[in-house]
Amino acid sequence: LAKTTQPISMDSYEGQEVNITCSHNNIATNDYITWYQQFPSQGPRFIIQGYKTKVTNEVASLFIPADRKSSTLSLPRVSLSDTAVYYCLVGDIFVKAAGNKLTFGGGTRVLVKP
Amino acid sequence: KAGVTQTPRYLIKTRGQQVTLSCSPISGHRSVSWYQQTPGQGLQFLFEYFSETQRNKGNFPGRFSGRQFSNSRSEMNVSTLELGDSALYLCASSLDVGRSTGELFFGEGSRLTVL
């Protein structure tokens, strides 16, 4: 399984863009990159997933360079409610026989200030 | 569509006791995974069940066990509780068929306090 490294914490202000970079140097050919968000005392929630280049949905964008050894989650114009822990996961999501092998690292604690 | 339901939400036990936690996955989901979350160790994978079979297991002692029923509902059990077992226990289900993305849907967790 590809190991991931992401910053422990980041501070931002309301209305700013937050970019969280995750390193995964030994990502495998079939691995996808998935990001989850977790609020205190709640389970993580899926944000976005991608394989290469750029993926965008209603809440975030995911940028993946050609070598796929890193990825950046971008949260546009954050609000106080975006204060949470963000986890980067890497794994082969389609190998059903292998089951769920997604491992959560320490995550990045994002604090949005007024 | 109902989400993942975990019961009980909160419980307090004493050292040496055992505890059983329950998880009802989203209807149609056959994979159920369990995680332990503590401030010091973060979110750690316990085990995963699919069609009543344990498919993956994390690095936890044998005191931690689980099972899955034919309706995909799952239970986990912790025997001979230790103070360090105090944690938020999270259950997640996923569709896990065909080309599904493997997205995990988490419940709100069961917060266990061991005194």
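Worth saying up front: this structure is predicted, and the values here are computed from it rather than measured. (Residues numbered from 1 in each chain as written. Chains lettered and ligands numbered in written order. Predicted model: local features only at pLDDT ≥ 70, side-chain atom pairs only at ≥ 80, totals over all residues. Heavy atoms only, no water.)

Asker: Just give me the short version of the overall build of chain B, but keep the residues and values in it.
Answerer: For chain B, the helix and strand inventory stands at zero helices and 11 strands. On C-alpha atoms alone, chain B measures out to a radius of gyration of 14 Å, which is about the 13 Å that the 2.2 N^0.38 rule sets for 115 residues. Taken along its principal axes, the extent of the C-alpha atoms in chain B is 45 × 25 × 25 Å. Considering only intrachain contacts with a sequence separation of at least 6, the fraction spanning at least 24 residues in chain B is 54%. Carbon and sulfur atoms make up 49% of the accessible area of chain B, which amounts to about 5400 Å² in all. Charge-centre separation for chain B: the mean point of 12 positive side chains lies 2 Å from the mean point of 8 negative side chains. (Helix = DSSP H or I, 4+ residues; strand = E, 2+ residues; numbered from the N terminus. Rg over C-alpha atoms; globule rule 2.2 N^0.38 Å. Contact = heavy atoms within 4.5 Å. Areas by Shrake-Rupley, 256 points an atom, 1.4 Å probe, with all protein chains shown as cover. Lys, Arg positive; Asp, Glu negative; His and termini not counted. Charge placed at Lys NZ, Arg CZ, Asp CG, Glu CD.)

Asker: For the overall build of chain A, give the residues involved together with the corresponding values.
Answerer: The helix and strand inventory of chain A stands at zero helices and nine strands. Listing the helices and strands of chain A from first to last along the sequence gives β-β-β-β-β-β-β-β-β. Here chain A, with 114 residues, has 45% of them falling under the buried criterion. The contacts in chain A between residues at least 6 apart in sequence include a share of 58% that link residues at least 24 apart. Surface accessibility of chain A: about 5700 Å² in total, with carbon and sulfur atoms responsible for 53%. (Buried < 20%, exposed > 50% of the residue type's maximum accessible area, 1.4 Å probe, protein only.)

Asker: How would you sum up the nonpolar core? Please name residues and give values.
Answerer: Within the largest apolar cluster, 21 residues are counted, with the highest numbers of intra-cluster contacts made by Trp34, Leu46, Phe64, Met76 and Tyr89 of chain B. Elements with a contribution of two residues or more to this core: strand E3 (19–24), strand E4 (31–38), strand E5 (42–50), strand E8 (74–78), strand E9 (87–94) and strand E11 (110–114) of chain B. Ranked by size, the runner-up nonpolar core spans 20 residues in total, among them Val18, Cys22, Ile33 and Leu62 of chain A. (Core = buried A, V, L, I, M, F, W, Y, C linked by side-chain atoms within 4.5 Å.)

Asker: So what about the pattern of salt bridges? Which residues, and what values?
Answerer: Residue and element names in this part refer to chain B. Following the criterion strictly, the structure yields seven salt bridges over all chains and no others. For Arg55, the salt bridge goes to Glu48, with nearest N and O atoms at 2.6 Å. Three or more residues joined by partner-sharing salt bridges are found here, namely Arg63, Glu82 and Asp85. (Salt bridge = Lys/Arg side-chain N within 4 Å of Asp/Glu carboxyl O.)

Asker: Account for the state of the cysteines, naming residues and giving values.
Answerer: Residues and elements named next belong to chain A. Applying the stated criterion to the full structure yields two disulfides over all chains. There is a disulfide in this structure between Cys22 and Cys88, and the S-S distance comes to 2.2 Å. Every disulfide takes its handedness from the sign of the S-S torsion; for Cys22 and Cys88 that torsion is -80°, giving left-handed. Placement of Cys22 in strand E2 (residues 18–23) and of Cys88 in strand E8 (residues 84–91) is noted, with a sequence separation of 66 residues between them. For the pair formed by Cys22 and Cys88, the shared burial category is buried. (Disulfide = S-S within 2.5 Å.)

Asker: Requested: an account of the sheet that holds E8 of chain B, with residues and values cited.
Answerer: Residues and elements named next belong to chain B. Read across the sheet, four strands follow the order E1-E3-E8-E7 without closing on themselves; strand pairing throughout is antiparallel. Every interior strand has two partners, whereas the edge strands, strand E1 (5–7) and strand E7 (64–68), have only one. Pairs of neighbouring strands in the sheet enclose a mean axial angle of 15°, with direction left out of account. Where E7 meets E8, five bridges bridge the pair, whose relative direction is antiparallel. The residue of E8 that forms the bridge with Gln68 is Ser74. (Pairing = 2+ DSSP bridges. Axes fitted to C-alpha atoms, helices over the stretch in contact; angles between N-to-C directions.)

Asker: Explain the side chain of Ser31 of chain B to me, using residue names and the numbers behind them.
Answerer: If you trace the backbone, Ser31 of chain B turns up in strand E4. Within the structure, the side chain of Ser31 of chain B is placed 2.7 Å from the side chain of Glu48 of chain B, a separation counted as a polar contact. (Polar contact = N/O pair within 3.5 Å; in protein donor to acceptor, adjacent residues only side chain to side chain.)

Asker: Go over the packing of aromatic side chains, please, and point to the residues and values.
Answerer: Aromatic ring pairs are described here by two measures, namely the spacing of the ring centres and the angle between the planes. Overall, the coordinates contain seven aromatic pairs over all chains when judged by the stated rule. Ring plane angle 85° and centroid distance 6.3 Å describe the contact between Tyr36 of chain A and Phe106 of chain B, whose orientation is recorded as edge-to-face. Of this pair, Tyr36 of chain A sits in strand E3 (residues 32–38) while Phe106 of chain B sits in strand E10 (residues 105–106), placing the two residues on different chains. For the pair Tyr36 of chain A and Phe106 of chain B, a shared accessibility class is recorded, and that class is buried. (Phe/Tyr/Trp six-rings, centres within 6.5 Å; stacked < 30°, edge-to-face > 60°.)

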